[in-house]
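These are the residues of each chain, in order.
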Amino acid sequence: MKKISILLLFITSILSAQKKEFKYSLSGIEKVVLASGTKIVLTAGNTSELVLTDNKKVRKNHSAHENHQKEKADKRKGLTAVYPNGRDNSNGFGFSITKEDAILYVTDLKSMYQRSGINLTLPKSINISVNAGSLGSVSLEGFTGEVEVATNTGKIEMKNVTGPITANTSVGEINVDFDKVSQTSPITISSSVSEIDVAIPANTKADLELRTQGTVYTNFDFDTPKKKGLPNVSGNKSINSKLNNGGVKIYIKSSMGNIYLRKK
Amino acid sequence: MKCNDIQHKFTGFLDKSLTEVANSEIKKHLKSCTNCNQELEELKSFLAVLDSQEMETPSANLRSNFNKMLAQEIETVTPKVIQLKLQQDWKSYLKIAASIVIIIGAFLFGKHQSNIPQIVSIKNENQEEVLALLENSSASKRILGVSDAEEFTKKDTKIIEALINRLFFDKNANVRLAAAETLSKFSSEIIVRDALIKSLETDENSTVQIELIRILAKIQEKRAIESMQKLLKNEETPQFVKQQVELNLPNLL
């Protein structure tokens, strides 16, 4: 562990000369729980480590900026940053990283005002749980493990995922694009007011349940049971249908927004 | 030889079944003893009377009469005998049947007895399984547990308590949402209704709030009116949640 951290320090010290980055080995970790209030972008990587980078646009190094940075660095000399929510153990990156059994908790210590987005690279098959606070948004791509995402007003965007997915937002839009749908456990996507847009492969086996007070749009052929003399599905009644003879449960609920279910 | 002994042997003497020696001895004695001679004559005359007496034979009618009576008796008695025999057979069949029933019954009872703990254990296993799922670290698995819990009856208080626990304390809004929906199926239980009202007051996720408002309106829980009005007054409540309250409140009033 010591060797790794020394190595990491070495690597980061080299890299931080060009671009701020933090790495953490994820050997033995099955799930990463991330909490941050900013725009979070997760990318699937092939190595078994976590790579954190700031989303700050690298400004052109003009002299004034450099001087300003230098001035700041001088002021901080000999002092360490302390945060109310924990100790920074990410080499000045402002994150608290703690390990509990096979779960790694990555908590952003800085407030959302100090961040303009973070980039994280994680192993492809790791399980992820992300909470973007009240204003943060989440965008991720290419993960094959279980993904849990919660935002309040921010958008949730997932691409090339397989599930199981658990996503919830109050106001944010949700877009999920499945590569294929894992049959292991249920997929639940819920929102209070926003639209939910989900694309799944045409041959997906699933038990669908769609609930909204808005409208459901789809290009799948639904075999919804037709009951004579009863009103059409509306309001809070749900649309239940089996795709390709049924399979894993896919539950999509928007209290008021429309639901779009696309065939890929 | 005494007269007494000689007289004892007179019957044999007359039958001529005595030995030669005894015969001559008796003859010799008779020549000398008048008393014994007289005795012999008496015996002779007595036996002669017996011989002269004719044997009485039963009349031929007797046999036929007897046969007749027997036939009559058989005729009157026979049906009874048959009936008795039949009854006896029926009883023995009944006994056999009863013993078979008892044996099979005992077998089935034994089987049932051995089945009861099996059924109970299967149910317990299921319950344990669902309870374990509800505590799983994966949100999707917890949701699976919540939807599996639907299959239990309202008697499974452990399951209901676990669901209420999820509704109050689960970090994931979708799990709380699923718990609320499943709990609405147990809305006849007072603890469930209490939990739903309490949860409406405490849950801060708008999706969950909207679902709770809808459920409480549907199960006609009038006690929820107060907490709904509180939501309306609260400035932090999002507009769309207030809208939902306004939509559902008239159903309760």
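Model, not experiment: these values are computed from the prediction. (Residues numbered from 1 in each chain as written. Chains lettered and ligands numbered in written order. Predicted model: local features only at pLDDT ≥ 70, side-chain atom pairs only at ≥ 80, totals over all residues. Heavy atoms only, no water.)

Caption draft 1: Region of interest: the overall build of chain A. The secondary structure content of chain A amounts to two helices and 20 strands. Here the contacts in chain A between residues at least 6 apart in sequence split such that 55% fall between residues at least 24 apart. Entry remark: accessible area of chain A is about 14,100 Å², with carbon and sulfur atoms responsible for 51%. (Helix = DSSP H or I, 4+ residues; strand = E, 2+ residues; numbered from the N terminus. Contact = heavy atoms within 4.5 Å. Areas by Shrake-Rupley, 256 points an atom, 1.4 Å probe, with all protein chains shown as cover.)

Caption draft 2: Expanded view of the UniProt feature "transmembrane region" (unreviewed entry) in chain B. Summarizing the sequence annotation, UniProt attributes the feature "transmembrane region" (unreviewed entry) to residues 93-110 of chain B in the numbering used throughout. Taken end to end, residues 93-110 of chain B has its terminal C-alpha atoms 25 Å apart, with 100% of it in helix and 0% in strand. (UniProt positions renumbered as here; feature names shortened; annotations may be inferred.)

Caption draft 3: Summary view of the interface of chain A and chain B. Between chain A and chain B, the contact holds 25 residues from the first and 21 residues from the second. Both sides of the chain A and chain B interface together cover about 1,800 Å² of buried area, and 48% of this is carbon and sulfur. Contact with chain B buries surface across chain A, with N168, P186 and M256 of chain A losing the most and accounting together for 22% of the total. Two residues, R211 of chain A and E181 of chain B, come together in a salt bridge whose shortest N-O distance is 2.9 Å. For the pair chain A and chain B, the interface holds 21 residue pairs in polar contact (both at pLDDT 80 or more). (Buried area = accessible area lost by both parts, 1.4 Å probe. Salt bridge = Lys/Arg side-chain N within 4 Å of Asp/Glu carboxyl O. Polar contact = N/O pair within 3.5 Å; in protein donor to acceptor, adjacent residues only side chain to side chain.)

Caption draft 4: How the structure looks around the side chain of Q127 of chain B. By the secondary structure assignment, Q127 of chain B is in helix α5 (residues 60-134). Not counting chain neighbours up to four residues away, the residues in contact with Q127 of chain B comprise F152, D156, K158 and I159 of chain B.

Caption draft 5: Focus on the pairing of strand β9 (residues 137-141) of chain A. Residue and element names in this part refer to chain A. Judged from the five bridges that link them, strand β3 (residues 39-45) and β9 form a sheet pairing that is parallel. Directly across from V41, in β9, lies its bridge partner S139. Two elements, β9 and strand β11 (residues 156-161), share four bridges in a ladder whose sense is parallel. Within β11, the position partnered with E141 by the bridge is K159. (Pairing = 2+ DSSP bridges.)

Caption draft 6: A look at the pattern of salt bridges. Applying the stated criterion to the full structure yields 21 salt bridges over all chains. Taking the shortest distance from any N to any O, the salt bridge between R214 of chain B and E211 of chain B comes out at 2.7 Å. One end of the pair is R214 of chain B and the other is E211 of chain B, both in helix α10 (residues 206-218) and three residues apart, which spans about a single turn. Accessibility expressed as a relative area gives 0% for E211 of chain B, which makes it buried. Members of the salt-bridge network, linked through shared partners, are R211 and K253 of chain A together with E181, E211 and R214 of chain B. (Buried < 20%, exposed > 50% of the residue type's maximum accessible area, 1.4 Å probe, protein only.)

Caption draft 7: Region of the structure containing the packing of helix α9 (residues 190-202) of chain B against helix α11 (residues 224-233) of chain B. Residues and elements named next belong to chain B. At a minimum axis distance of 10 Å, the contact between α9 and α11 shows a crossing angle of 10°. Between α9 and α11, the interaxial angle falls into the category roughly parallel. Contacts between α9 and α11 involve I197, L200 and E201 from the former and A224, S227, M228, K230 and L231 from the latter. For the contact of α9 with α11, the residue count by class is five nonpolar, one polar and two charged. (Axes fitted to C-alpha atoms, helices over the stretch in contact; angles between N-to-C directions. Parallel < 35°, antiparallel > 145°, perpendicular 65-115°, else oblique. Nonpolar A, V, L, I, M, F, W, Y, C, P; charged D, E, K, R; others polar.)

Caption draft 8: Looking closely at α10 of chain B. Residue and element names in this part refer to chain B. Taking 1.5 Å as the rise per residue, α10 with 13 residues should run 18 Å; its terminal C-alpha atoms sit 18 Å apart, in good agreement. For α10, the buried fraction is high: 12 of the 13 residues fall into the buried class. Taken together, the buried positions of α10 are occupied by S206, T207, V208, Q209, I210, E211, L212, I213, R214, I215, L216 and A217. One or two steps after α10, the chain reaches Q220, where phi turns positive at roughly 55°. (Expected span 1.5 Å × (residues − 1).)

Caption draft 9: Representation of the confidence of the model for chain B in the model. All names here are of chain B. Per-residue pLDDT for chain B has a mean of 83; in total, 91% of the residues score no lower than 70. Looking across chain B, the model is least confident in α5, with a mean pLDDT of 78, and most confident in helix α8 (residues 173-184), with 90. Among the prediction metrics, the complex's ipTM stands at 0.77, with pTM recorded as 0.67. (pLDDT = per-residue confidence, 0-100.)

Caption draft 10: Representation of the packing of aromatic side chains. Per the stated rule, a full pass over the model turns up three aromatic pairs over all chains. Centre to centre, the rings of F93 of chain A and F95 of chain A are 6.2 Å apart; their planes meet at 35°, and the pair counts as tilted. (Phe/Tyr/Trp six-rings, centres within 6.5 Å; stacked < 30°, edge-to-face > 60°.)

Caption draft 11: Structural context of a positive patch on the surface. A grouping of K16, K27, K31 and K44 of chain B is seen on the molecular surface, where their side chains present a positively charged patch. Relative to the helices and strands, K16 of chain B resides in the loop between α2 (10-15) and α3 (20-32). (Patch = residues over 30% accessible without salt bridge, like charges linked within 9 Å, V, L, I, M, F, W, Y side chains within 5 Å. Lys, Arg positive; Asp, Glu negative; His and termini not counted. Charge placed at Lys NZ, Arg CZ, Asp CG, Glu CD.)

Caption draft 12: Quick look at unusual backbone geometry. In this structure, P164 of chain A follows G163 of chain A across a cis peptide bond, with omega equal to 0°. Looking at the secondary structure, you find P164 of chain A in the loop between β11 and β12 (165-169). With a phi angle near 55°, Q220 of chain B is a residue other than glycine that sits in the positive phi range. Following the sequence through the fold, Q220 of chain B ends up in the loop between α10 and α11.

Caption draft 13: View of the sheet that holds strand β2 (residues 31-35) of chain A. Residue and element names in this part refer to chain A. With mixed pairing, the 10 strands of this open sheet are ordered in space as β5-β6-β2-β8-β10-β12-β14-β19-β16-β18. For this open sheet the edge positions go to β5 (95-100) and β18 (238-243), each flanked by a neighbour on one side alone. Neighbour-to-neighbour, the strand axes of the sheet open up by a mean angle of 10°, direction not taken into account. One ladder, built from four bridges, connects strand β10 (residues 147-150) with β12; its direction is parallel. Directly across from V149, in β12, lies its bridge partner A167.

Caption draft 14: Quick look at the packing of α3 of chain B against helix α4 (residues 34-52) of chain B. All names here are of chain B. Between α3 and α4, the shortest axis-to-axis distance is 6 Å and the interhelical angle comes to 110°. Judged by the inter-axis angle, α3 sits roughly perpendicular to α4. Touching H29, L30 and S32 of α3 are T34, C36, N37 and L40, all from α4. The residue makeup of the contact of α3 with α4, split by class, is three nonpolar, four polar and no charged.

Caption draft 15: Looking closely at the nonpolar core. Counting residues in hydrophobic clusters, the biggest one holds 52 residues, and the most contacted among them are L42, L122 and M158 of chain A. Ignoring any residue separated from it by four or fewer positions in sequence, one finds L122 of chain A in contact with L26, V32, L42, T43, A44, G45, E49, L50, I128 and F143 of chain A. A179, A180, I225 and L249 of chain B belong to the second largest nonpolar core, which has 43 residues in total. (Core = buried A, V, L, I, M, F, W, Y, C linked by side-chain atoms within 4.5 Å.)

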